[in-house]
Amino acid sequence: MSVSQSDVKYIAGLAKLKFEDSEIDSLTEQLNSILFYIDKLNQLDTSDVEPLSYPVEIELNMRDDILKASVSRKEALSNAPDSNDEYFKVPKVIG
Amino acid sequence: MNQKYEAVIGLEVHAQLSTITKLFCGCSTSFDAQPNTNVCPICLGHPGVLPVLNKKVVEFAIKLGTALNCGVNHKSIFARKNYFYPDLPKGFQTSQYELPICGYGFMILKDDGEVEKKIGITRIHMEEDAGKSIHDQSGFTFIDVNRCGVPLLEIVSEPDLRSASDAAVYLIKLRQIVQYLDICDGNMEEGSFRCDANVSVRLKGEEKLGTKTEIKNMNSFRNVEKAINFEIERQIEILEDGGLITQQTLLWNADKNEAAPMRSKEEAHDYRYFPEPDLMPVVINKNWEAEIRKLLPELPEAKRERFIKQYNLPLYDADILTQSKAISEYFENTIQFTFDYKLVSNWIMGDVLKILNERKISISDFSIGPQSLGNLLELISTGQISGKIAKDVFMEMLLTKKEAEVIVKEKNLLQISDVTKLENIITDILQRNNSQVKQYLNGEDKVVGFFVGQIMKETKGKANPKTVNELLKQKLNSKRPN
């Protein structure tokens, strides 16, 4: 499997990343060399092997449904590029 | 609808869970809090934080799965659904994709022709809600992150529904179940119970599915039905004109009664799901599952059957009384104070529900509690007041919040069942209305109503109707020449 330059542009778009055309060239090359390696792995017959989502075998720890103190609104808003007293402010999403 | 076609509908329902805290952090889920006050680094999506799953959500999922005859997956995994939108600070929604918590199940429902249908449930999975965006005229969008991370269960049905009314019945039943399980308040208007519909049409007898569209933004049962009917008609019209259906997402506009395509930019969906590396697989051991199954409350259908058997109620009554868990509990609490089950049922179905509908309130906000209603109805059962007077007392109770006994006493409303007293009144009235007596004797039975009216007027409605009827007939007939 390999990707074309337009695939790379599409994926970059989904990730909201912008690249120069020259960068797209080298990214396509790099991605393809990774995919070449994956193709190598794909040569193994894994039809009897369960997909491995997690490399370690630990179960999930859960917590009880108990309220914990939240941070203050002032703190919450303090890291935002823009806010008013109550809300995060972002460029208008829809008209 | 054009009879050549049939509709194929599947529903995706999001039930917002009534846990105290969010899915992955200890922030409150309360929805009336000030904006951006129920937030912490986890639900704000700060880097380096680790989510910890709320055990209650798993419990709720198992409960719902059991109620919908689903298999519970003893190992399920969370996945990241990647997309950018300002109300999703992390840039991905933590959801489940390949291995959801509950697999295939089903619901049995009756369509409007009372025919039983089996509607498949494809899956139920756990996921987190997004925040809220507020748009105004200022050129900015304002984000409230409070709802971010509030737990949802998404219930996906198979495309087994064949009409908008089927879809509404399914939805009503599903809401009834989540309310009985006490896992979601089921409020469609406030958005804690949301529904998207996938709709396609095909010629009857055709096996292949037509191209489907998805409709969103229907915030009431009525709108779901209207929107689906609109979309079915729209698709048939296109096909009849020789056109093709475009696969797209439509937004229902309740004011205009039409669905319009969502802007394609909002639709560009390529979610690139992958297993969430910050959460290990959810493993449910059999003992825990068995424990949760044991805690399952009585479900609507079982309760309805019990009401028929235990209280000897007609199916119609049992159906209405068990539609909401709160109403069914109100009924069962009321009959602790009076024994005429059918009388209680009539009053709840009639007078009580009428007030709730008029005032658009729920039974928990109804000012006459089960004991007060029970005591009022007991006054009818024991013949102390008539059913008609009871209606006035009921309205007075609503108005003054006084108990029935107090009102009856204050207004001197006790029923007159004293035979001698009633006989005197009747004799008097018959004397004053000689011509009507003659009419009766000539076979005009309907003047009986006139006399009853006069007697009620004389006693201000307090005469015991049964005694009046008996005495009146007796008196009138005694006037017949032998």
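Residues numbered from 1 in each chain as written. Chains lettered and ligands numbered in written order. Predicted model: local features only at pLDDT ≥ 70, side-chain atom pairs only at ≥ 80, totals over all residues. Heavy atoms only, no water.

I'd like a description of the overall build of chain A, backed by residues and values.
Across its full length, chain A carries three helices and two strands. Ordering the α and β elements of chain A from the N terminus gives α-α-β-α-β. Over its C-alpha atoms chain A spans a radius of gyration of 22 Å, topping by over 25% the 12 Å that the globule rule assigns to 95 residues. Scored against the burial criterion, the 95 residues of chain A give a buried share of 18%. A fraction of 27% describes how many contacts in chain A between residues 6 or more apart in sequence connect residues 24 or more apart. (Helix = DSSP H or I, 4+ residues; strand = E, 2+ residues; numbered from the N terminus. Rg over C-alpha atoms; globule rule 2.2 N^0.38 Å. Buried < 20%, exposed > 50% of the residue type's maximum accessible area, 1.4 Å probe, protein only. Contact = heavy atoms within 4.5 Å.)

How would you summarise the overall build of chain B if you had to cite specific residues and measurements?
Looking only at helices and strands, chain B has 16 helices and 16 strands in total. Radius of gyration (C-alpha) of chain B: 30 Å, far over the 23 Å computed for a compact globule of 482 residues. With the principal axes as the frame, chain B shows a C-alpha extent of 100 × 55 × 55 Å. The 482 residues of chain B split such that 49% are buried. Restricting to contacts in chain B with at least 6 residues of sequence separation, those with at least 24 account for 69%. Carbon and sulfur atoms provide 50% of the accessible area of chain B, an area that totals close to 23,500 Å². Side chains of chain B give 61 positive and 66 negative charges; the mean places of these two sets differ by 5 Å. (Areas by Shrake-Rupley, 256 points an atom, 1.4 Å probe, with all protein chains shown as cover. Lys, Arg positive; Asp, Glu negative; His and termini not counted. Charge placed at Lys NZ, Arg CZ, Asp CG, Glu CD.)

An account of the confidence of the model for chain B is needed here, citing residue identities and associated values.
Mean pLDDT over chain B: 92, with 98% of residues reaching 70 or higher. As scored by the predictor, the complex reaches a pTM of 0.84 and an ipTM of 0.90. (pLDDT = per-residue confidence, 0-100.)

Now, about a nonpolar patch on the surface: what can you tell me, with residues and values included?
The grouping of Leu31(A), Ile34(A), Tyr37(A), Ile38(A) and Leu41(A) at the surface amounts to a nonpolar patch, some 460 Å² of accessible area in total. As for its placement among the helices and strands, Leu41(A) is situated in helix 2 (residues 21-42). (Patch = residues over 30% accessible without salt bridge, like charges linked within 9 Å, V, L, I, M, F, W, Y side chains within 5 Å. Salt bridge = Lys/Arg side-chain N within 4 Å of Asp/Glu carboxyl O.)

Which residues make up the layout of surface pockets, and what values do they have?
All names here are of chain B. What the second largest pocket holds in volume is close to 1,800 Å³. Contributing to the lining of the second largest pocket are 42 residues, with Ile172, Arg175, Gln179, Gln323 and Ser324 lying nearest its centre. Broken down by secondary-structure element, the contributors of at least two residues to the lining of the second largest pocket are strand 6 (105-110), helix 2 (164-180), helix 6 (300-311), helix 7 (315-321), helix 8 (325-334) and helix 9 (341-359). With six residues, helix 2 is the single largest residue contributor to the lining of the second largest pocket. Here the lining of the second largest pocket is built from residues that sort into 15 nonpolar, 11 polar and 16 charged. Lining the lining of the second largest pocket are residues from two domains, each supplying at least three of them: domain 1 (5-291) and domain 2 (298-410). (1 Å grid on protein atoms, 1.4 Å probe; cavity = no way out; pocket = protein on both sides within 12 Å on 5 of 7 lines; lining within 4 Å. Points joined across faces, edges and corners; volume = space filled by probe spheres on them. Nonpolar A, V, L, I, M, F, W, Y, C, P; charged D, E, K, R; others polar. Domains from an automatic or database assignment.)

Explain the domain arrangement of chain B to me, using residue names and the numbers behind them.
Split by domain assignment, chain B resolves into domain 1 (5-291), domain 2 (298-410) and domain 3 (419-478). When each unit is reduced to the centre of its C-alpha atoms, the spacing between domain 2 of chain B and domain 3 of chain B is 33 Å.

If you had to explain the sheet that holds strand 11 (residues 193-203) of chain B to someone new, which residues and values would you point to?
All names here are of chain B. Overall, mixed pairing links the eight strands, which are arranged 6-7-10-1-11-12-13-14 in an open sheet. The open sheet has two edge strands, strand 6 and strand 14 (258-261), and neither has a second partner. For this sheet, the mean inter-axis angle between neighbouring strands, taken without regard to orientation, is 30°. (Pairing = 2+ DSSP bridges. Axes fitted to C-alpha atoms, helices over the stretch in contact; angles between N-to-C directions.)

An account of helix 15 (residues 447-458) of chain B is needed here, citing residue identities and associated values.
Residue and element names in this part refer to chain B. Its 12 residues place the ends of helix 15 17 Å apart at the C-alpha level, agreeing with the 16 Å of an ideal helix rising 1.5 Å per residue. Those residues of helix 15 that fall on the buried side of the exposure criterion are Val447, Val448, Phe451, Ile455 and Met456. Backbone geometry just downstream of helix 15 places Lys460 in the positive-phi region, at approximately 55°. (Expected span 1.5 Å × (residues − 1).)

Can you break down the side chain of Gln436(B) residue by residue, with the values?
Residues and elements named next belong to chain B. Here Gln436 lies in helix 14 (residues 434-441). Among the polar contacts made by the side chain of Gln436, one reaches the side chain of Ser435 at a distance of 3.0 Å. Not counting chain neighbours up to four residues away, the residues in contact with Gln436 comprise Val447, Phe450 and Phe451. (Polar contact = N/O pair within 3.5 Å; in protein donor to acceptor, adjacent residues only side chain to side chain.)

Account for the pairing of strand 11 of chain B, naming residues and giving values.
The side chains of a regular strand alternate between both faces of the sheet. Residues and elements named next belong to chain B. For strand 11, the tally of buried residues reaches nine of 11 residues, placing the bulk of the element in the interior. In terms of strand pairing, strand 11 meets strand 12 (residues 213-218) through four bridges, oriented antiparallel. Directly across from Val199, in strand 12, lies its bridge partner Thr213.

Describe the state of the cysteines, and please don't skip the residues or the numbers.
Residues and elements named next belong to chain B. On inspection of all chains with the given rule, the structure shows zero disulfides over all chains. Take Cys25: it sits in no disulfide, and the sulfur closest to it among the cysteines is that of Cys40, at 3.7 Å. You can call Cys25 buried: its relative accessible area is 5%. In this structure Cys102 is a free cysteine whose sulfur lies 5.4 Å from that of Cys70, the closest cysteine sulfur available. (Disulfide = S-S within 2.5 Å.)

Can you lay out the confidence of the model for chain A for me, pointing to particular residues and giving the numbers?
Taken residue by residue, chain A gives an average pLDDT of 90. The fraction at 70 or more is 98%. Within chain A, no element has a lower average pLDDT than helix 1 (residues 5-14) of chain A, which sits at 91, and none a higher one than strand 1 (residues 62-63) of chain A, at 96.

How would you summarise the packing of aromatic side chains if you had to cite specific residues and measurements?
What describes a pair of aromatic rings is the distance from one ring centre to the other and the angle between the planes of the rings. All names here are of chain B. Counted by the stated rule, this structure contains 14 aromatic pairs over all chains. Each ring, one from Phe307 and one from Tyr311, has its centre 5.3 Å from the other, and the planes form 75°; the classification is edge-to-face. One end of the pair is Phe307 and the other is Tyr311, both in helix 6 and four residues apart, which spans about a single turn. Relative to Phe394, the ring of Phe366 lies with its centre 6.4 Å away and its plane at 40°, an arrangement referred to as tilted. Within this pair, whereas Phe366 is found in the loop between helix 9 and helix 10 (370-381), its partner Phe394 is found in helix 11 (residues 387-400), the two being separated by 28 residues in sequence. Note on Phe366: relative accessible area 8%, which makes it buried. The rings of Tyr83, Tyr97, Tyr271 and Tyr273 are connected pair by pair, giving a single aromatic cluster. Taking the ring centre of Trp288 as reference, the NZ or CZ of Lys55 above it sits at 5.5 Å. (Phe/Tyr/Trp six-rings, centres within 6.5 Å; stacked < 30°, edge-to-face > 60°. Lys NZ or Arg CZ within 6 Å of the ring centre and 35° of its normal.)

How would you summarise the environment of Arg123(B) if you had to cite specific residues and measurements?
Residue and element names in this part refer to chain B. Secondary-structure assignment places Arg123 in strand 7 (residues 116-128). Taking the relative accessible area as the measure of exposure, Arg123 reaches 18% and is therefore buried. Distance from Arg123 to Pro100, taken between C-alpha atoms, is 6.9 Å for residues 23 residues apart in sequence. Ignoring sequence-local partners within four residues, the contact set of Arg123 consists of Gln96, Tyr97, Pro100, Cys102, Gly103, Glu154, Ile155 and Val156. In this structure the side chain of Arg123 is engaged in a polar contact, spanning 2.8 Å, whose partner is the backbone oxygen of Tyr97.

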